Amino acid sequence: MSSSYAPSSSSLHHESKSSFSHSDSSSSLPRLDTSCVSSFTSQFLNDSANVEFLSKYLPDDSKKKWTLLFSSIKHGQSYNRFLHHVTGYGPTIVIIRDDGGHVFGGYVSETWREAYPKFYGTSSSFVFQLKPDKIVHRPTGYNQNFQYINQKTETLFNGVGMGGQQDFFCWGIAADFEHGQSKGSPNTTFGCQPLGHSTEWMVDSVEVWEVMEPSALSEEQETIRNRKGGVTKSVLHSEDNPDKVITSMLGHEFSAHGVDILEEDDAGSGGGKKKQSIIPVG
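(A) A look at the overall build of the chain. Looking only at helices and strands, the chain features 6 helices and 15 strands. Sequence-distant contacts, at least 24 apart, represent 61% of the contacts inside the chain between residues at least 6 apart. Here the chain displays about 13,500 Å² of accessible surface, and carbon together with sulfur accounts for 47% of that area.

(B) The side chain of Ser-71, seen in detail. Positionally, Ser-71 belongs in strand E3 (residues 65–71). For Ser-71, a relative accessible area of 1% corresponds to the buried category. Excluding anything up to four places from it in sequence, Ser-71 contacts Phe-40, Gly-76, Val-206 and Glu-207.

(C) Quick look at the environment of Trp-209. By secondary structure assignment, the location of Trp-209 is in strand E12 (residues 200–210). Each C-alpha atom of the pair Trp-209 and Trp-66 lies 6.0 Å from the other, and the pair is 143 residues apart in sequence. A distance of 3.0 Å separates the side chain of Trp-209 from the side chain of Glu-207, its partner in a polar contact.

(D) Local environment of the nonpolar core. Counting 29 residues, the largest nonpolar core has Phe-82, Trp-112, Trp-171, Ile-173 and Val-206 as the members making the most contacts within it. For Ile-173, the contacting residues outside a window of four places in its chain are Ile-96, Phe-157, Asn-158, Gly-159, Val-160, His-179, Gly-180, Trp-201, Val-203 and Val-206. Membership of the second largest hydrophobic core comes to 22 residues, among which are Tyr-57, Trp-66, Leu-68 and Trp-209.

(E) The pairing of E3, seen in detail. Of all 7 residues in E3, 7 are buried; the element is thus mostly enclosed. Where strand E2 (residues 31–33) meets E3, 3 bridges bridge the pair, whose relative direction is parallel. Bridge assignment links Asp-33 to a residue of E3, and that residue is Thr-67. Chirality of the crossover, the property in question, places the unit of E2, helix H1 (residues 48–55) and E3 among those that are left-handed. Bridging between E3 and E12 involves 4 bridges; their strand directions are antiparallel.

Rules used throughout
Residues numbered from 1 in each chain as written. Predicted model: local features only at pLDDT ≥ 70, side-chain atom pairs only at ≥ 80, totals over all residues. Heavy atoms only, no water. Helix = DSSP H or I, 4+ residues; strand = E, 2+ residues; numbered from the N terminus. Contact = heavy atoms within 4.5 Å. Areas by Shrake-Rupley, 256 points an atom, 1.4 Å probe, with all protein chains shown as cover. Buried < 20%, exposed > 50% of the residue type's maximum accessible area, 1.4 Å probe, protein only. Polar contact = N/O pair within 3.5 Å; in protein donor to acceptor, adjacent residues only side chain to side chain. Core = buried A, V, L, I, M, F, W, Y, C linked by side-chain atoms within 4.5 Å. Pairing = 2+ DSSP bridges. Right-handed = clockwise from strand over helix to strand, strands pointing away.

Structure below.
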């Protein structure tokens, strides 16, 4: 059942780059830290125009360094991997590309909380579109449904999203990490039309960036971060392929092409016989 919210045009917060009221005199763009993975080029922020556009809408303490937390291309298109790499960190920018080529997402100032099946967040949150148009949508004030994440409560929507309500998100990705939605005409929380190429779409790729350095985090965020051990302390977190790391720990060797070479004795011949198995890389 669709939302009946129909705000007046004055309550909608559509802001394009040309209408943004802040000065364009920022000294430099944020530094992009991709040290959690090797040989990585962002699908979205490699374009400095996108970085410049988004940074202008962020608080000053979120304009210095952006750290990659998750890339579906590098870490895998998996909701469990997303939760592992993203929960406990923040503030963050989530950037999504759907199967129609639209690029969009949102900024949240609060930590993504694991197993927290309800809306929360602050009014500093916003959603945006980078393609086909660059535009930002700020909260309308109609409700406080800024960000949502759920993993374990099966009676509620399982997945992650921003704005609107369950099954009518401004943008939402289901736990299969394949199906997404952008609903509301307009969306109640952010006053925007669907950000995706349609109200329902397939996920092409996702990136999540932490946009605040640890020294500026709140006490709650710092506590959660320390409990998780930081972005780069775990070899499984930093390695492109955790399965390969675990297998290597068991004494397996790999060729340059990711082939796992297992040395086994052939009971029949008594000689050494190589058995090859493939561990997917990347």
